[in-house]
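Chains, contacts and geometry: an overview
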Amino acid sequence: MAALKYAGLEDTDSEEELPPGWEERTTKDGWVYYANHLEEKTQWEHPKSGKRKRVAGGLPYGWEQETDENGQVYFVDHINKRTTYLDPRLAFTVEDNPVKPTTRQKYDGNSTAMEILQGRDLSGKVVIITGANSGIGFETAKSLALHGAYVILACRNMSRGNDAVQRILVEWHKAKVEAMTLDLASLQSVQHFAEAFKSKNVPLHILICNAAVFGAPWCLTEDDLESTFQVNHLGHFYLVQLLEDVLRRSSPARVVIVSSESHRFTEIKDSSGKLDFSLLSPSKKEYWAMLAYNRSKLCNILFSNELNRRLSPHGVTSNAVHPGNMIYSSIHRNWWVYTLLFTLARPFTKSM
């Protein structure tokens, strides 16, 4: 009882009644959380009952949800011409206290990005995603933007990038999202993108290196490098170097590099065990599309590991992620054989 009295919990008669100094609020997704104005902290559990709750149903007729400059949700009653920070749906909440699952149980092959971010408020976070106009990149951009983050879609094709922006805005007209030009096959374009981003004078909390080509025919970029190697690895490597200072100033920050399980099926060393640079950007005679892709993905992982070793002491972490075997996206578009293979495998793989 002494502990309850110290916490101010003994003054309430009902288990659901909040102690002095506490306020009940909701996130954009409808999850209930509790703010303690005396200690300036928030928590998901009710301060007395320890229960977690979420609102049930949509907003009443005439109500609209808004977000203020501090990222806090408030509500507008257009019929009675008033605003309030109290969610009108709080009168209809349901308890959400399942047994805490393990990570493996909670997220599986059917999980979506929206489910992973459920209940998160990313207001104030700035995110760059390369290749975000389609596939995994678009779903990631949409999910982060719908949870409040300011998301920049770094795309080679600005027309498709702007279309992707509009698709996100259709779902939430107040999403903070824009497209910027980035062609990873041009180191000059990478430099121009970094300069344009820095001119915005905003932090960078998350950099997702997602763009990639797969099964592409051999060709050289304007920098005289094999295109798969430059687009999948070297362009991202250069981008991270150019934005490293912003990431460090924005810590805690993170870099996420989308790699692949196929990194296991290749080698980039010669017979003596030394790095063979000719394997990274091979001539046309020595080129095989699948092998070039695998090597670029191995470079992704080696880069991510070393980047994390160097920058994690400064508050910037780096992780490489395998998105799933043959996940159905547009990455197979370069050759009809790969398109046929992905189509046949589609019923057995994860889709967008």
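Residues numbered from 1 in each chain as written. Predicted model: local features only at pLDDT ≥ 70, side-chain atom pairs only at ≥ 80, totals over all residues. Heavy atoms only, no water.

Our focus in this paragraph is the overall build of the protein chain. Counting its regular elements, the protein chain contains ten helices and 14 strands. The buried share of the protein chain, reckoned over its 352 residues, is 43%. In the protein chain, 64% of the contacts between residues at least 6 apart in sequence involve partners at least 24 apart. On the protein chain, roughly 19500 Å² of surface is accessible, and the fraction owed to carbon and sulfur atoms is 52%. (Helix = DSSP H or I, 4+ residues; strand = E, 2+ residues; numbered from the N terminus. Buried < 20%, exposed > 50% of the residue type's maximum accessible area, 1.4 Å probe, protein only. Contact = heavy atoms within 4.5 Å. Areas by Shrake-Rupley, 256 points an atom, 1.4 Å probe, with all protein chains shown as cover.)

Attention shifts here to the sheet that holds strand 5 (residues 63-67). Strand order across the open sheet formed by three strands is 5-6-7, with antiparallel pairing between neighbours. Two strands lie at the open edges of the sheet, namely strand 5 and strand 7 (82-84), each paired on one side alone. Direction aside, neighbouring strands of the sheet carry axes that sit 25 degrees apart on average. Bridge analysis of strand 5 against strand 6 (residues 73-77) gives five bridges, and the strand direction is antiparallel. Looking across to strand 6, one finds that Gln65 is bridged to Phe75. (Pairing = 2+ DSSP bridges. Axes fitted to C-alpha atoms, helices over the stretch in contact; angles between N-to-C directions.)

UniProt records the feature "domain: WW" (unreviewed entry) at residues 16-49 and 57-90, using the numbering of this structure. A helix fraction of 0% and a strand fraction of 38% characterise residues 16-49, whose end C-alpha atoms lie 7 Å from each other. (UniProt positions renumbered as here; feature names shortened; annotations may be inferred.)

The next thing to look at is the packing of aromatic side chains. This model, assessed by the stated rule, comprises four aromatic pairs. An angle of 70 degrees between the planes, with centres 6.2 Å apart, marks the rings of Tyr33 and Trp44 as edge-to-face. Separated by eleven residues along the polypeptide, Tyr33 in strand 2 (residues 32-36) and Trp44 in the loop between strand 3 (41-43) and strand 4 (53-55) bring together distant segments of the chain. On the basis of relative accessible area, Trp44 is assigned to the partly exposed category, the value being 30%. Note on Phe237 and Phe303: the rings are 4.9 Å apart at their centroids and 50 degrees apart in plane angle, and the pair reads as tilted. Here the residue Phe237 occupies a position in helix 7 (residues 227-249), and Phe303 occupies one in helix 9 (residues 289-311), the gap between them amounting to 66 residues. What makes Phe303 buried here is its relative accessible area of 9%. The aromatic ring of Phe138 is capped on one face by Arg167, whose charged end is 4.0 Å from the ring centroid. (Phe/Tyr/Trp six-rings, centres within 6.5 Å; stacked < 30°, edge-to-face > 60°. Lys NZ or Arg CZ within 6 Å of the ring centre and 35° of its normal.)

Contact pair helix 6 (residues 187-198) / helix 7: the axes reach a minimum separation of 10 Å and the direction vectors enclose 30 degrees. Taken as axis vectors, helix 6 and helix 7 run roughly parallel relative to one another. In this structure, helix 6 meets helix 7 at a crossing whose hand is right-handed. Of the residues in helix 7, those in contact with Leu187, Val190, Gln191, Phe193, Ala194, Phe197 and Lys198 of helix 6 are Gln230, Gly235, Tyr238, Leu239, Leu242, Leu243, Asp245 and Val246. Of the residues that constitute the contact of helix 6 with helix 7, the class distribution is ten nonpolar, three polar and two charged. (Parallel < 35°, antiparallel > 145°, perpendicular 65-115°, else oblique. Left-handed = near helix turned anticlockwise from the far one by under 90°. Nonpolar A, V, L, I, M, F, W, Y, C, P; charged D, E, K, R; others polar.)

Next up on the list: the nonpolar core. Within the largest apolar cluster, 32 residues are counted, with the highest numbers of intra-cluster contacts made by Ile128, Phe193, Phe197, Leu204, Leu207, Leu243 and Val255. Contributions of two or more residues to this core are made by strand 9 (126-130), strand 10 (150-155), helix 6, strand 12 (206-209), helix 7, strand 13 (253-258) and helix 9. Ranked by the residues each element gives to this core, the list is headed by helix 7, at six residues. With near-sequence residues (within four places) excluded, Leu207 lies in contact with Ile128, Leu239, Val240, Leu243, Leu247, Arg254, Val255 and Val256. (Core = buried A, V, L, I, M, F, W, Y, C linked by side-chain atoms within 4.5 Å.)

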